[in-house]
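# Coordinates in review
Chain by chain, the residues run as shown.
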Amino acid sequence: MTDGDKNSRTDRSSEPDKKPTALQKPEQLHPQQQNAEQEEAWTRREESSRAPDAVAGQQPREGQPDGLEQNDENIRSATKQAGFPIIGIGASAGGLEALKTFVAALPEKSGIAYVAIVHTHPDYTTMLPNLLRKKSKAAVVLLEDGMPLAPDTVYVPPSNRDATIENGIIRLQARASKTELHMPIDIFLRSLATDRGEAAGCIILSGTGSDGTGGVRRIKEEAGVVIAQSKVSARHPGMPGSAIDTGLIDYVLEPSEMPGRLIDYFRHPSVIRSKKSEEDPEILNRIIAFLDKQTRHDFSLYKKSTLVRRVERRMSVNRCLTISDYLHFLHRTPREAHALFQDLLIGVTNFFRDPEVFDFLKENVLPDLLFRTGSEDRFRVWMPGCATGEEAYSMAILLIECMEAVNIKRELQIFATDINPTAIEKARLGIYLKNIATDVSPERLERFFTPQGNHFRVKKELREPVIFAEQNILRDPPFMNLNLLVCRNLLIYLESAAQAKAIPLFHYNLKPGGILFLGTSESTGHFAELFEPIHKKFGLYKKVDARNRLQSKFQFPSGRRRTDRFETARTERLPAVQDGIENAVERTLLDHHTPPCVVVDPIGNIVYIHGRTGKYLEHAPGKPSIRLVDTVREGLRPELAAALRQAGETRTAVRKPGLWVKTNGDFTHVDLTVKPLHSPSQPDRFMVLFEEVHYPEEEAGTGKKNLPGRNDPKTGADGKRVNELEVELDTLLHNYRSTFDALETSNEELKSANEEMHSSNEELQSTNEELESSREELESLNEELSMVNSELHNKIVEVEEAYSKITEVLNSTGVAIVFLDNDLMVRRFTLEATRLINLIEKDVGRPIEHISHNLAFDRLTETIRRTLRDLTPYEEEVVTRDGHWYRMRIIVHRTEKNTIEGVAMTFINIDAQKAAQAKLEEYSEKSKSLPTY
């Protein structure tokens, strides 16, 4: 160390403390999926749309305003309706370091408000605001009840209060008494999603457990932005890992990268809504078509506003400036189609959502509905759009409790369906985070759920009645004969045309007097006459008879869109078919020389009718049906049903000759043929042909088959009836054998499947027992670790108290003491020592030779080393540069075990002794000059 360094070190105590330098603003990073070409395009457009000094990574010139508030018109337009963005930050164990890094990277002006929710003990006064102020350029404020939020500020709630937000105003409420169920991050994020919508966001930092996961779902449902800390950078990855596992996270980043990405996200222009062009609707249709191709789900009947919001949100996440850019990005990035699909589904739910509605349903609707169900009948429920199953299990709990309350027993069958296969798989597992304790009462948790670590698993009693399946209500066959149909918060995302198909379908699926349960924001709309309202506010309706109203057809193929912009025009420009002699001959032959026929789908629904079929088909009184078997005349039904079944099994033509059909009091003889219709565009279709036959007059005794309607005595009225009964009996016997064989085959398959299920169940039971044993061992180990941790904590407290007392005693003696280790590093010193040696608190751990002193003694370091080497004490009187005298004593520091751990230097002020000695010497000199007698 040079003399100059010593001098600067010596004068350090006189300099004022400098404020730590904040971290520089991080560069705005691009998603990993984007390539170099996308990076360049973004940079060029970004620079051209902003002032030169506002480009990311540069500081504005002096005199120019900084941040979004003054510089960026895009943010003002984006947040004009929703207000400035508010970000909820959740952190727990290990989250303090991440939170400090985050606020250190915040610019002074960002246009965003931040609320940091941290797990703390209610009896502990939080020091978090003071800790964050040392790192943050933005203001840090402790929240108070009724405080309005403002941008460019970080807010921290008190330790003993839970924060919520309402109309931009903070509300503080007392914490729940049960700490194990306390989820303060979820509480705030749910209220934030409701209050801010698209202008809301959340960040999940390091922590254990799963607090914040429910809030992530609610923020995502409202199209907000969600960010999680990367597991690698998190000290405890439990909380961010739980959020990432939901599949809803937009960005996984390190804390220092988050502020730049947030600012960039909210700076992104609302290109679809604010910059509409003629090509946008067409490109949106192309996006829907591409999504249909990738996921096999058609979103063309979803509300355009919902589609626009979700596509716009994905554009902001991926930093695409125009909708055309996003279409190209969608084609280049395979994962983006799945991400957009998940965003459009909005599969967010929770147990007993709107609890007052479920209470009303249990008290006023379900008892009567259960009583009206026969004791031998199943109580059937269909729940389309079930997402991850929380609402399906909620309804199962409600029905089980209601049956016990009214003392009746019915077999439950709950069909829960959704178009999202990932959500269906999660629902089938029936495993949910412990966060559900905020929505499910302790009594229900104990009865219907089994705790498994950080999760709850539904018990067998609750799992068995619920059947989960992937199904689309606008495309796939529905479930019939329902007592209750629950479709909450699905219709609000569909266009009116789709609602006009779905609501009559629901009416058709319900039994007479069945209940339709919609969301609180939904209604039956233009089909009010189909349902009698029970409670409109709660979305509860009862089916009424509506025979006089024309029923809708219940086949909802989604169809295919023309994705080529020129295809529609090309189709419209096709010339009409020339009406030549060939076509006229063909039509005449078809009309007069081909039998009438009906084309049906695999389940027997009529698809197409050719020719005059009035002799063979008629509609029965009551509700109209499109099933062919329900519309054929007397005499054809059993044979037609058997022929359709046989043709479907063998995929070959089936012919039933000589059938009779009763038409207007007479009989017509028909040859019935069912054959597969081979068409690439219409697979799995069958053609049913009706060929009327005329038998010639036969002489009696010719051996020909006697036909009904003859005047022969053998074939009179009685004979005709006998022949009819014989034919019908043969048909019934044939159908019975066929059905019996099919039933036997099904029974064998079911037995085999049942045996496999039993075997799998035994294996699962064994695995479950092993897991239970492991869980108990872990719990025991955890208790032991908790006890050890408690003891260590007490020891630390005792050591701290002892150290504090020793320091107080040493300081009170007025003796300058400095302790050094074997390497001459400073370990401890008293306050008096700072007058002799320029020590500060940060010097602990530094070599003593690097620190300047005020002693007129140049051999201090050498003397200390010699003492440590020779193990002999050293004592000398030294003087400071300002003339004060001290007795310096350097001794070896030994422990109780006689181990050398360094040296101890003591300095005792001897100014009084030196003054007395000087006076004594002065008196001695004076006495020598006196005369002697």
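Relevant structure appears above.
Notes on the structure in this doc start here. Just so it is clear, the structure is predicted and the values come from calculations on it, not from any experiment.

The next point concerns helix H27 (residues 860-870). Restricting attention to buried positions, one finds in H27 the residues Leu860, Thr863, Ile864, Thr867 and Leu868. Angularly, the buried residues of H27 cover 135° about the axis, an arc narrow enough to put them on a single face. Looking at H27, the residues exposed on the side facing more than 90 degrees away from the buried face are Glu862 and Arg869. Looking at the buried positions of H27, the neighbouring elements they touch are strand S25 (816-820), strand S27 (874-879), strand S28 (885-894) and strand S29 (900-909). A positive backbone phi angle near 60° is found at Leu871, which sits one or two residues after H27.

A grouping of Leu96, Tyr124, Met127 and Leu131 is seen on the molecular surface, where their side chains present a nonpolar patch of about 340 Å² in accessible area. When you line up the elements, Leu96 lands in helix H5 (residues 95-104). The class for Leu96 is partly exposed, based on a relative accessible area of 36%.

Moving on, we get to the pattern of salt bridges. The final tally for this structure, using the stated rule, is 34 salt bridges. For the salt bridge of Glu411 with Arg378, the shortest nitrogen-to-oxygen distance reads 3.4 Å. In this pair, Glu411 sits in strand S11 (residues 411-418) while Arg378 sits in strand S10 (residues 378-384), placing the two residues 33 residues apart along the sequence. You can call Arg378 partly exposed: its relative accessible area is 39%. Members of the salt-bridge network, linked through shared partners, are Glu875, Glu877, Arg887, Arg889 and Lys914.

Here we take up the packing of aromatic side chains. Overall, the coordinates contain 16 aromatic pairs when judged by the stated rule. Ring geometry for Phe299 and Tyr302: centres 4.8 Å apart, planes at 65°, overall edge-to-face. Judged by relative accessible area, which is 1%, Phe299 ranks as buried. Among the residues examined, Tyr302 registers a relative accessible area of 11% and is labelled buried. Their ring planes at 15° and their centres at 4.4 Å tell us that Phe415 and Phe479 sit as a pair that is stacked. Placement of the pair is Phe415 in strand S11 and Phe479 in the loop between strand S15 (466-470) and strand S16 (482-487), with a sequence separation of 64 residues. These aromatic residues form a ring-pair network of at least three members: Phe351, Tyr393, Tyr432, Phe449, Phe456 and Phe468. Sitting above the plane of the Phe819 ring, Arg828 keeps its charged end 5.9 Å from the centroid. Here the guanidinium or amino end of Lys914 rests over the ring plane of Trp885, the centre of that ring lying 4.4 Å away.

Our focus in this paragraph is the sheet that holds strand S13 (residues 449-452). Strand order in the open sheet made by the three strands is S12-S14-S13, with antiparallel pairing throughout. The strands lining the two open edges of the sheet, one partner per strand, are strand S12 (431-433) and S13. Averaged over neighbouring strand pairs, the angle between their axes works out to 30° when direction is ignored. Of the pairings in the sheet, the one linking S12 to strand S14 (residues 455-458) comprises three bridges and is antiparallel in character. Bridging from a neighbouring strand, Leu433 pairs with His455 of S14.

As a further point, take the packing of helix H7 (residues 184-196) against helix H8 (residues 213-221). Following both chains from N to C, one finds H7 and H8 inclined at 5°, their axes separated by 8 Å at the closest point. Classed by the angle they form, the pair H7 and H8 counts as roughly parallel. Of the residues in H8, those touching H7 at Asp186, Leu189, Arg190, Leu192, Ala193 and Thr194 are Thr213, Gly214, Gly215, Val216, Arg218 and Ile219. Counted by class, the contact of H7 with H8 contains five nonpolar, four polar and three charged residues.

What counts as what
- Residues numbered from 1 in each chain as written.
- Predicted model: local features only at pLDDT ≥ 70, side-chain atom pairs only at ≥ 80, totals over all residues.
- Heavy atoms only, no water.
- Buried < 20%, exposed > 50% of the residue type's maximum accessible area, 1.4 Å probe, protein only.
- Helix = DSSP H or I, 4+ residues; strand = E, 2+ residues; numbered from the N terminus.
- Arc of directions from axis to C-beta.
- Contact = heavy atoms within 4.5 Å.
- Patch = residues over 30% accessible without salt bridge, like charges linked within 9 Å, V, L, I, M, F, W, Y side chains within 5 Å.
- Areas by Shrake-Rupley, 256 points an atom, 1.4 Å probe, with all protein chains shown as cover.
- Salt bridge = Lys/Arg side-chain N within 4 Å of Asp/Glu carboxyl O.
- Phe/Tyr/Trp six-rings, centres within 6.5 Å; stacked < 30°, edge-to-face > 60°.
- Lys NZ or Arg CZ within 6 Å of the ring centre and 35° of its normal.
- Pairing = 2+ DSSP bridges.
- Axes fitted to C-alpha atoms, helices over the stretch in contact; angles between N-to-C directions.
- Parallel < 35°, antiparallel > 145°, perpendicular 65-115°, else oblique.
- Nonpolar A, V, L, I, M, F, W, Y, C, P; charged D, E, K, R; others polar.

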